[in-house]
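What the coordinates show
Below are the chains, spelled out letter by letter.
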Amino acid sequence: MLRGIRTATSNWFGRVITGIILGLIAISFAIWGIGDIFRGFGQSTVASIGRSEITIEQFRTTYNERLQQLARQIGRPVTPDQANALGLPRQLLGQMLAEYALDEDARRMGLRLSDADIARKIMADPTFRGANGQFDRGRFDMIIRQAGYSEARFVTEQRKLLLRREVAETLAGSIAVPQTTVAVQYRFANEQRSIDYVVFDASQAGDIPEPSADELTRYFNDRKSVFRAPEYRTLDVFVLSPDDSARVAAVSDDEARKAYADRRSRYVTPERREVQQIPFPTIEEARAAAQKITAGSTFEQIAAERSLKDTDINLGMVTKAGMLDAAVADAAFKLPAGQVSEPVQGRFGSVLVRAVKIEPEKVQPFEEVADTLKREIATERAKTDITDQHNKIEDERGAGHPLAEILQKLGHAPTRIGAVDRSGRGPDGQPVKGLPASPDLVARAFGSDVGVENDVVRLPGGGYAWIEVMAVTPSRERTLDEVKDRVVQRWRDDEIAKRIKVKADAFADKLKNTGFAEAAASAGARQQSTWGLKRGQTNAAVPAKIVDEVFRTAKDGIGNVEGDQPTTRFVFRVTDVTVPTLDPASDDSKRVSELVRTSLFEEVLGQYAAYLQGELGMQVNERALNQILTGTTN
């Protein structure tokens with residue numbers, strides 16, 4: 001299993017995806033691994049378990065949201081082909097079915113959460129706290145809106161999530177973690193290796209003459225499929241988006257300033273004070289102490305008389321809202337720095353209070369937040385406008401009017417996409433500009449045809465897109481003249497790869513009976529060394545692919561591996577292996593233990609989900625799933 005994970009993480013995309021899907025593996029395997037559950041049924045349903053159904057729209061929305069989240073994490077779009085190749089759609093469906101199974105189980109057991117319980121949980125979430133440390137309604141609305149949730153949907157999802165946690169924690173919350181497992185995982189993550197190595201690249205390949213016309217023709221004919229042109233489609237696309245820059249420009253400074261005043265708490269860091277207090281059993285004792293201070297005693301002397309240390313009287317740097325006793329807070333935040341209050345009768349007794357240090361309130365100026373605020377206002381306004389526009393367009397389409405006619409009537413015009421392939425790229429191999437960030441849109445286009453009316457695509461984060469296929473350019477074999485430069489470069493790269501492999505093989509052979517430095521000098525190669533290599537990590541000189549092979553090679557063993565490109569090759573010898581020692585009481589041990597516990601928890605939960613599958617009955621509509629992912633029903 002560990003070796004398989006290393007293989008999956010040998011490139012940037014695999015590393016990101018693996019990190020995301022590992023948490024789903026136990027649940028998904030448990031669901032997909034039992035029986036043949038694929039059979040067709042209701043056209044609007046992707047899957048069902050018990051009385052719960054996952055509709056096409058629910059799955060499509062969740063799938064698009066996950067791909068958008070992933071794209072934000074890795075800083076680039078994820079194409080449908082990439083997602084399918086990594087099994088993300090079925091991983092997601094497996095997770096959704098496991099969640100629905102837990103929902104069904106909670107319902108069978110009669111578990112309930114009141115609206116008041118949900119409200120308390122949401123208000124206690126640190127994510128929704130403002131600068132004053134309290135629940136901020138404006139921040140809550142902004143965050144859930146950016147995540148694509150309405151308030152009602154968010155509350156519903158939180159209710160389900162909390163009930164699932166109750167079931168899961170009851171089932172597997174007290175799992176004990178074997179220390180041997182922790183030690184193995186710790187070693188796997190922290191073992192270090194050192195290597196001596198040389199790199200063979202194009203500089204060692206020598207002069208490579210230009211290929212003859214016959215050579216190039218034979219090379220091209222043997223690899224025509226590599227240079228084949230994909231199918232392209234010409235599309236008309238119309239998008240309604242709350243992120244439209246024109247909407248932002250329409251928000252005036254006066255409107256933004258009014259919103260700034262209404263939402264002032266979001267831009268204010270409240271005043272903080274270092275507060276000390278001395279408690280007294282009665283108000284009379286507090287008054288007597290206050291008189292002593294007036295007569296010349298210090299605050300510290302009064303505290304010492306009552307056997308109180310500094311840690312007993314110091315409340316730290318606090319905001320007024322952060323103090324439990326409102327009466328004490330009022331007194332502390334009226335004092336000048338260094339002054340002692342009159343006796344205060346608080347909720348928990350009588351006290352004297354002193355403000356030691358004061359940090360004034362800080363306000364983020366309007367100019368710093370104006371652009372963000374205008375975007376928020378524009379987005380809020382756009383929600384209503386977009387819904388109205390969507391309804392008008394769909395009503396007109398329902399009456400049989402073509403999209404182009406409807407858009408012209410409403411004063412809009414579609415964007416013409418001249419040519420796009422299934423991966424969202426144009427003939428130049430680059431991502432096509434003008435397409436909204438929705439993997440579902442291109443899949444819909446390639447599942448449709450010229451003249452076919454397509455369903456509107458709901459975009460992640462709000463908004464809608466309509467597409468029409470205007471023309472289809474079939475996939476075809478390119479001629480040699482069209483791709484001659486590419487063919488020549490690929491032929492040259494292959495020649496380089498052949499030559500450096502011969503040199504690398506000879507060098508690796510020589511290492512069996514010769515020292516590394518001597519062999520490198522004989523081959524005219526530069527010996528290099530690196531140390532501290534860990535699994536899944538790289539340094540500036542050694543790619544992840546090579547590190548992976550280093551950890552497959554025993555100490556003093558020799559490796560001969562192609563680099564990130566076929567035109568480079570690494571030959572190395574493992575010179576040292578450092579096995580880490582685990583201290584069971586260390587923070588590292590606790591961290592690894594928690595990771596192992598989470599893994600075991602998910603495995604148990606996956607087994608329980610499999611049990612519920614058989615208990616409740618589950619079906620998956622393969623036809624509907626293919627329609628969502630590829631636009632076809634095959």
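Residues numbered from 1 in each chain as written. Predicted model: local features only at pLDDT ≥ 70, side-chain atom pairs only at ≥ 80, totals over all residues. Heavy atoms only, no water.

**Some thoughts on the sheet that holds strand E9 (residues 349–359)**
A sheet is described by the order of its strands in space; here four strands give the open sequence E7-E6-E9-E8, paired in antiparallel fashion. The strands lining the two open edges of the sheet, one partner per strand, are strand E7 (314–319) and strand E8 (344–346). Pairs of neighbouring strands in the sheet enclose a mean axial angle of 45 degrees, with direction left out of account. Helix-sheet contacts for helix H13 (residues 283–295) involve strand E6 (272–280), E8 and E9, and the interaxial angle to E9 is about 45 degrees. (Pairing = 2+ DSSP bridges. Helix = DSSP H or I, 4+ residues; strand = E, 2+ residues; numbered from the N terminus. Axes fitted to C-alpha atoms, helices over the stretch in contact; angles between N-to-C directions. Contact = heavy atoms within 4.5 Å.)

**Brief notes about unusual backbone geometry**
Even without a glycine there, the phi angle at Ser-307 is positive, about 60 degrees. As for its placement among the helices and strands, Ser-307 is situated in the loop between helix H14 (299–305) and helix H15 (310–313). Looking at Ser-307, the relative accessible area reads 64%, which means it is exposed. (Buried < 20%, exposed > 50% of the residue type's maximum accessible area, 1.4 Å probe, protein only.)

**Regarding the side chain of Thr-553**
By the element assignment, Thr-553 lies in the loop between helix H22 (544–550) and strand E15 (558–562). One polar contact links the side chain of Thr-553 to the main-chain carbonyl oxygen of Glu-549, over a distance of 2.8 Å. With residues near it in sequence (within four places) discarded, Thr-553 still touches Arg-193, Ile-558, Phe-572 and Val-574. (Polar contact = N/O pair within 3.5 Å; in protein donor to acceptor, adjacent residues only side chain to side chain.)

**Some remarks on the packing of helix H6 (residues 115–123) against helix H8 (residues 151–172)**
It is at 10 Å that the axes of H6 and H8 come closest, and there the two elements cross at 95 degrees. Here H6 is positioned roughly perpendicular relative to H8, judged by the angle of their axes. Listed contacts from H8 to Asp-115, Ile-118, Lys-121 and Ile-122 of H6 are Phe-154, Val-155, Gln-158, Arg-159 and Leu-162. (Parallel < 35°, antiparallel > 145°, perpendicular 65-115°, else oblique.)

**Here's the deal with the nonpolar core**
Core analysis: the largest hydrophobic core is formed by 35 residues, its most contacted members being Val-46, Ile-49, Ile-54, Phe-59, Tyr-63, Leu-93 and Leu-97. Elements with a contribution of two residues or more to this core: strand E1 (45–49), helix H3 (56–74), helix H5 (88–108), H8, helix H23 (587–616), strand E17 (618–620) and helix H24 (622–630). Ranked by residue count, the leading element in this core is H5, at nine residues. (Core = buried A, V, L, I, M, F, W, Y, C linked by side-chain atoms within 4.5 Å.)

**What about H13?**
Given a rise of 1.5 Å per residue, 13 residues ought to cover 18 Å, and the 19 Å separating the end C-alpha atoms of H13 matches this to within 8%. Listed in full, the buried residues belonging to H13 are Ile-283, Ala-286, Ala-289, Ala-290 and Ile-293. End-on view of H13: buried residues confined to an arc of 120 degrees, all on one side of the axis. Relative to its buried face, H13 has exposed residues pointing more than 90 degrees away, namely Glu-284, Gln-291 and Ala-295. At its buried positions, H13 is contacted by E6, H14, E8 and E9. (Expected span 1.5 Å × (residues − 1). Arc of directions from axis to C-beta.)

**Structural notes on the confidence of the model for the protein chain**
Counting all residues, the mean pLDDT for the protein chain is 83, and 90% of those residues have values of 70 or more. Averaged pLDDT values for the elements of the protein chain fall to 36 in helix H1 (residues 2–8) and rise to 96 in strand E16 (residues 569–578). (pLDDT = per-residue confidence, 0-100.)

**Some points on the pairing of strand E4 (residues 232–240)**
Judged by how many residues are buried, E4 sits mostly within the fold: eight of nine residues are covered. Relative to strand E11 (residues 415–420), E4 runs antiparallel, the two sharing four bridges. Paired with Asp-236 across the bridge in E11 is Arg-416.

**Notes on the pattern of salt bridges**
Counted according to the given criterion, the structure contains 40 salt bridges. Salt-bridge contacts for Glu-394 lead to Arg-397; the nearest nitrogen and oxygen are separated by 3.2 Å. On the criterion of helical spacing, the pair formed by Glu-394 and Arg-397 is a turn pair, its members being three residues apart in helix H17 (residues 366–398). Residue Glu-394 is classed as partly exposed on the basis of its relative accessible area, which comes to 25%. (Salt bridge = Lys/Arg side-chain N within 4 Å of Asp/Glu carboxyl O.)

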